[in-house]
Amino acid sequence: DVKVTQSSRYLVKRTGEKVFLECVQDMDHENMFWYRQDPGLGLRLIYFSYDVKMKEKGDIPEGYSVSREKKERFSLILESASTNQTSMYLCASNDEPGLNNEQFFGPGTRLTVL
Amino acid sequence: QKEVEQNSGPLSVPEGAIASLNCTYSDRGSQSFFWYRQYSGKSPELIMSIYSNGDKEDGRFTAQLNKASQYVSLLIRDSQPSDSATYLCAVNDDYKLSFGAGTTVTVRA
């Protein structure tokens with residue numbers, strides 16, 4: 001079974017803090033994704049990576065950066081957290097894109113910025 | 001970003017009834033379509049994928065795809081309280097998936 005893990009289930013930070021969210025997958029997947037999920041807005045893609053050290057902006061990259069130094073690990077960084085970044089953050093991974101590019105999700109990190 | 005629209009819900013159905021969820025998408029070139037189920041406080045899990053026009057059945061779930069009309073639907077037969085969740089429609093977009101906002105289904109006993 002594919003396993004995607006995230007470093008924290010719940011996180012509380014203060015405005016202006018630098019925040020690191022870690023994601024690890026154990027299936028040697030090529031692609032990894034970071035989403036945020038807010039009520040009524042669904043899943044919105046922040047960044048994704050299709051290879052080590054490669055990254056692509058998603059739909060809402062402002063205020064975020066990412067790092068992928070190893071294939072299994074994809075980190076989301078909030079350089080200076082703001083209250084509007086309070087959200088559920090979901091990491092996902094999948095293999096080479098093709099007809100079946102199902103994504104496997106981690107358990108999520110609920111981040112609160114005070 | 002490709003647009004994916006779902007009927008907003010919430011959808012309330014009695015136990016044993018059929019729940020019908022609809023999804024439309026903007027890109028006529030899309031080839032892969034997915035339905036994810038998300039329980040409250042949990043992450044999405046895949047329940048159905050469909051790539052060809054027509055119906056695909058898996059247990060109590062049936063996905064229907066009509067590429068000409070650009071819609072995909074999910075039917076849940078014999079709905080159970082355990083089916084109460086938010087259902088997300090997703091459409092492939094190169095490496096990515098574009099998700100709808102989700103439809104919340106409540107199955108009442």
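Everything below is about the structure printed above this text.
Along each chain, numbering runs from 1 in the same order as the chain's sequence is written. In the order they appear in the text, chains get letters beginning with A and ligands get numbers beginning with 1. Where totals are concerned, whole chains, interfaces and linings use all residues; where local detail is concerned, this predicted model gives features only for residues with pLDDT of at least 70, and gives and counts side-chain atom pairs only at 80 or more. For side-chain calculations, the full set of non-hydrogen atoms in the structure is used, while hydrogens and water are omitted.

Caption draft 1: Expanded view of the layout of surface pockets. Think of a 1 Å grid over the protein atoms and nothing else: a 1.4 Å probe that fits but is trapped marks a cavity, an open set flanked by protein within 12 Å on at least five of seven lines marks a pocket, and residues with an atom within 4 Å of a point count as lining. Grid points are joined across faces, edges and corners, and a volume is the space filled by probe spheres set on the points. Within this model, the largest pocket holds a volume of roughly 410 Å³. Contributing to the lining of the largest pocket are 20 residues, with A:Gln37, A:Asp38, A:Pro39, B:Gln38 and B:Thr86 lying nearest its centre. By the criteria applied, helices consist of DSSP H or I runs no shorter than four residues and strands consist of E runs no shorter than two, each listed in order from the N terminus. Listed by contribution, the elements that provide at least two residues to the lining of the largest pocket are β4 (31-38) and β9 (87-94) of chain A together with β9 (85-93) of chain B. Looking at the lining of the largest pocket, its residues break down into 6 nonpolar, 11 polar and 3 charged. In this structure, the second largest pocket is lined by 15 residues; those nearest its centre are B:Val4, B:Glu5, B:Phe99, B:Gly100 and B:Ala101. Every element with two or more residues in the lining of the second largest pocket is listed here: β5 (42-49) of chain A together with β1 (4-6) of chain B. Charged residues are taken to be Asp, Glu, Lys and Arg, nonpolar residues to be Ala, Val, Leu, Ile, Met, Phe, Trp, Tyr, Cys and Pro, and polar residues to be all remaining types, Gly included. Residues of the lining of the second largest pocket, tallied by class, amount to 5 nonpolar, 6 polar and 4 charged.

Caption draft 2: Representation of the pairing of strand β4 (residues 33-38) of chain B in the model. Residue and element names in this part refer to chain B. β4 sits mainly inside the fold: 6 of its 6 residues count as buried. Any residue under 20% of the maximum accessible area for its type is buried, any over 50% is exposed, and the rest in between are partly exposed; the area is computed with a 1.4 Å probe on protein chains only. Burial of β4 is two-sided: the residues Phe33, Trp35 and Arg37 facing one way and the residues Phe34, Tyr36 and Gln38 facing the other way are all buried. At least two bridges found by DSSP between two strands is the condition for calling them paired. Judged from the 5 bridges that link them, β4 and strand β5 (residues 45-50) form a sheet pairing that is antiparallel. Bridge pairing links Trp35 to Met48 in β5. Between β4 and β5, which pair antiparallel and follow one another directly, the connecting turn spans 6 residues, one of which, Gly41, has a positive phi of 80°.

Caption draft 3: Summary view of the pattern of salt bridges. All names here are of chain A. By definition, a salt bridge exists where a carboxyl oxygen of Asp or Glu is found within 4 Å of a side-chain nitrogen of Lys or Arg. The tally for this structure, following the rule as stated, stands at 11 salt bridges over all chains. Notably, a salt bridge pairs Glu79 with Lys18, separated by 3.5 Å at the nearest N-O pair. Of the two residues, Glu79 is situated in the loop between β8 (73-78) and β9 and Lys18 in the loop between β2 (10-13) and β3 (19-25); the sequence distance between them amounts to 61 residues. Its relative accessible area of 43% is what places Glu79 among the partly exposed residues. On the accessibility criterion, Lys18 (45% relative accessible area) is partly exposed. One salt bridge connects Asp38 with Arg44, and the closest N-O pair in it is separated by 2.8 Å. A residue is classified by how much of its surface remains accessible, and Asp38, at 11% relative accessible area, is buried.

Caption draft 4: A look at the state of the cysteines. Residues and elements named next belong to chain B. We call a pair of cysteine sulfur atoms a disulfide when they lie within 2.5 Å. This structure, assessed with the given rule, holds 2 disulfides over all chains. Linked covalently through their sulfurs, Cys23 and Cys89 form a disulfide whose S-S length is 2.0 Å. Taking the sign of the torsion about the S-S bond as the criterion, the disulfide between Cys23 and Cys89, at about -75°, is left-handed. Here Cys23 is found in strand β3 (residues 19-25), whereas its partner Cys89 is found in strand β9, with 66 residues between them in sequence. Using a relative accessible area of 0% as the deciding quantity, one classes Cys89 as buried.

Caption draft 5: Summary view of the side chain of B:Ser43. With respect to the element layout, B:Ser43 can be found in the loop between β4 and β5. In protein, a polar contact means a hydrogen-donor-capable atom and an acceptor-capable atom, both N or O and within 3.5 Å, with residues adjacent in sequence counting only if both atoms are side-chain atoms; elsewhere, any N or O pair within 3.5 Å suffices. From its side chain, B:Ser43 meets the backbone oxygen of A:Gly106 in a polar contact 3.0 Å long.

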